[in-house]
Amino acid sequence: MGMPVTAEIADNKRAAAAIADTFAYFHEIDKRYSTYKPESEISRINAGLPEAQWSGEMKTVLSLCEQTKRETYGFFDIMRGDKLDPSGLVKGWAIQQAAERLRRRGIDNFCLEAGGDFQVSGASSRGEPWRIGIRNPFNRDEIIKVLTVASEGVATSGTAVRGQHIYDPHNPEAPIKDVKSLTVIGPNVYEADRFATAAFAMGKDGINFIESLDGFEGYAIDTEGIATLTSGFERYAV
Amino acid sequence: MKKLALSAFVIISFALYSFGLRHSDSPLLVSPKTSSGQGSGTSTAARSSASSSATTSGTAQTATTYKDGTYTGSVADAFYGNVQVQATIQGGKITAVKFLQYPNDRPNSVEINRQAMPYLQQEAIQAQSAHVDGVSGATDTSQAFVQSLSSALSQAM
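S.K.: For this particular structure, what's the right way to read the overall build of chain A?
M.R.: Secondary structure assignment for chain A yields six helices and 11 strands. Burial statistics for chain A: of 238 residues in total, 48% are counted as buried. Sequence-distant contacts, at least 24 apart, represent 58% of the contacts inside chain A between residues at least 6 apart.

S.K.: Any chance you could explain helix α4 (residues 87-104) of chain A here in plain terms?
M.R.: The α-helix winds at 3.6 residues per turn, so residues separated by three or four positions along the chain end up facing the same way. Along its 18 residues, α4(A) runs 25 Å from first to last C-alpha, staying within 8% of the 26 Å computed at 1.5 Å per residue. In terms of burial, α4(A) is a largely internal element, 13 of the 18 residues being buried.

S.K.: Any chance you could explain the nonpolar core here in plain terms?
M.R.: Across soluble globular proteins, nonpolar side chains have a tendency to be buried as a group. Within the largest apolar cluster, 60 residues are counted, with the highest numbers of intra-cluster contacts made by A:V184 and A:A199. In terms of residues, this core owes the most to one element, helix α5 (residues 189-201) of chain A, which gives nine residues. The contacts of A:A199, once residues within four sequence positions are left out, are A:L182, A:V184, A:G206, A:F209, A:I210 and A:G218. Counting five residues, the second-largest nonpolar core is a separate cluster that includes B:Y66, B:Y71, B:A87 and B:I89.

S.K.: Just to check I follow, could you spell out the sheet that holds strand β6 (residues 130-136) of chain A for this structure?
M.R.: Backbone-to-backbone hydrogen bonds pair the strands of a sheet. The strands run either parallel or antiparallel. Sheet architecture is open: three strands sit in the order β7(A)-β6(A)-β6(B), paired in mixed fashion. Each having just a single partner strand, β7 (139-149) of chain A together with β6 (134-136) of chain B make up the two edges of the open sheet. This sheet shows a mean twist of 40° between the axes of neighbouring strands, independent of strand direction. Where β6(A) meets β7(A), seven bridges bridge the pair, whose relative direction is antiparallel. Its bridge partner lying in β7(A), A:R135 is registered against A:I143.

S.K.: Quick question: what am I supposed to make of helix α3 (residues 56-71) of chain A here?
M.R.: Residue and element names in this part refer to chain A. With 16 residues, α3 should cover 22 Å at 1.5 Å per step; its first-to-last C-alpha distance of 23 Å lies within 8% of that length. When α3 is considered as a whole, its buried residues turn out to be V61, C65, T68 and K69. Looking straight down α3, one finds its buried side chains confined to an arc of 105°; they lie on one side. For α3, exposure combined with an orientation more than 90 degrees from the buried face picks out G56, K59, T60, S63, E66 and R70. Y73 sits one or two positions beyond α3 and adopts a positive phi of about 55°.

S.K.: What am I meant to see in unusual backbone geometry here?
M.R.: Outside of glycine, negative phi angles account for most residues, and trans bonds account for most peptide bonds. Residue and element names in this part refer to chain A. Residues other than glycine seldom take positive phi values, yet Y73 does so here, at roughly 55°. By the secondary structure assignment, Y73 is in the loop between α3 and β2 (79-80). The buried category is assigned to Y73, around which 21 C-beta atoms lie within 10 Å.

Conventions and cut-offs
Residues numbered from 1 in each chain as written. Chains lettered and ligands numbered in written order. Predicted model: local features only at pLDDT ≥ 70, side-chain atom pairs only at ≥ 80, totals over all residues. Helix = DSSP H or I, 4+ residues; strand = E, 2+ residues; numbered from the N terminus. Buried ≥ 20, exposed ≤ 12 C-beta atoms within 10 Å, placed from the backbone. Contact = placed C-beta atoms within 7 Å. Expected span 1.5 Å × (residues − 1). Core = buried A, V, L, I, M, F, W, Y, C linked by C-beta atoms within 7 Å. Pairing = 2+ DSSP bridges. Axes fitted to C-alpha atoms, helices over the stretch in contact; angles between N-to-C directions. Arc of directions from axis to C-beta.

As structure tokens, then:
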């Protein structure tokens, strides 16, 4: 996967050991799920490793992928040709697992990030809710929204490149405004990430899909720089 | 006649059903595999972002001398399509990075079950300057670029 990971722990006690453990965990995850490493379990599975030799954790992750596919009208799919690539789910899932490891260590105030997706818990070192910015998809150096979150997950799906040709099957001639970036706030980062990924693939319908989910809010930015907010989004915005 | 009408109705319903099914089953996240036929606008944009990234990598790796030649990186999955780059080394330095594959196409959108949705508020995005603890944003394509480039460079070592 090879993505930047940051861990900020606001509890003073045992923070160093917990951070070391968190990074060791992400290395372990990368070793198992990286499709770029030929020796990773997922690469060996794609090279024909018999199912009897798959780890229990891998089976769990793959069944979560199946479940997500069913819950998103097939928009979430890990098949790449004839290969499996669960990266789209593993990122959020691994952050979530790492967050649970921290909680088991008695750490309640932290902000964990991998590749632009967040799980926060408790309060920052200023004793306030965590503040997560949404990046301007047209300008990496700019923040266009600030969210305050206490125990939620925040994930953004999008693409920095011009890349989609989506049309409305009912109205193929009508041009539609493509979605540039979609940020989802959910009960945890695993849920936020998998639904952000699938909803982004739905194009302009994605924000309605997020609206239809209980406990989720979303902020979709189209190619014209117009954002669409779900009905409860504003309560997180500064 | 009634029987005929009924069977026609059954056939038509089945046809409609399977049409709907085919739509809802289309995997949208399958890599598009479009290695050619890019619009010239896209290629130009790709190349200019590539050369700036290549400069960074070149500077960061001054200790390493690459062998001259042209090296093709592995295809890296940018999640919305594949990224594959080709690096040209001259005098031990990266002189060009070319995109061989670039996500510039997506399978068609599929109709999802649209329920009656409340009207959602819209706003124009605006820069903010408040303090934040972190920034959420998509990074997929740049990662795939780095993956493919580093695999090209490892061949040049």
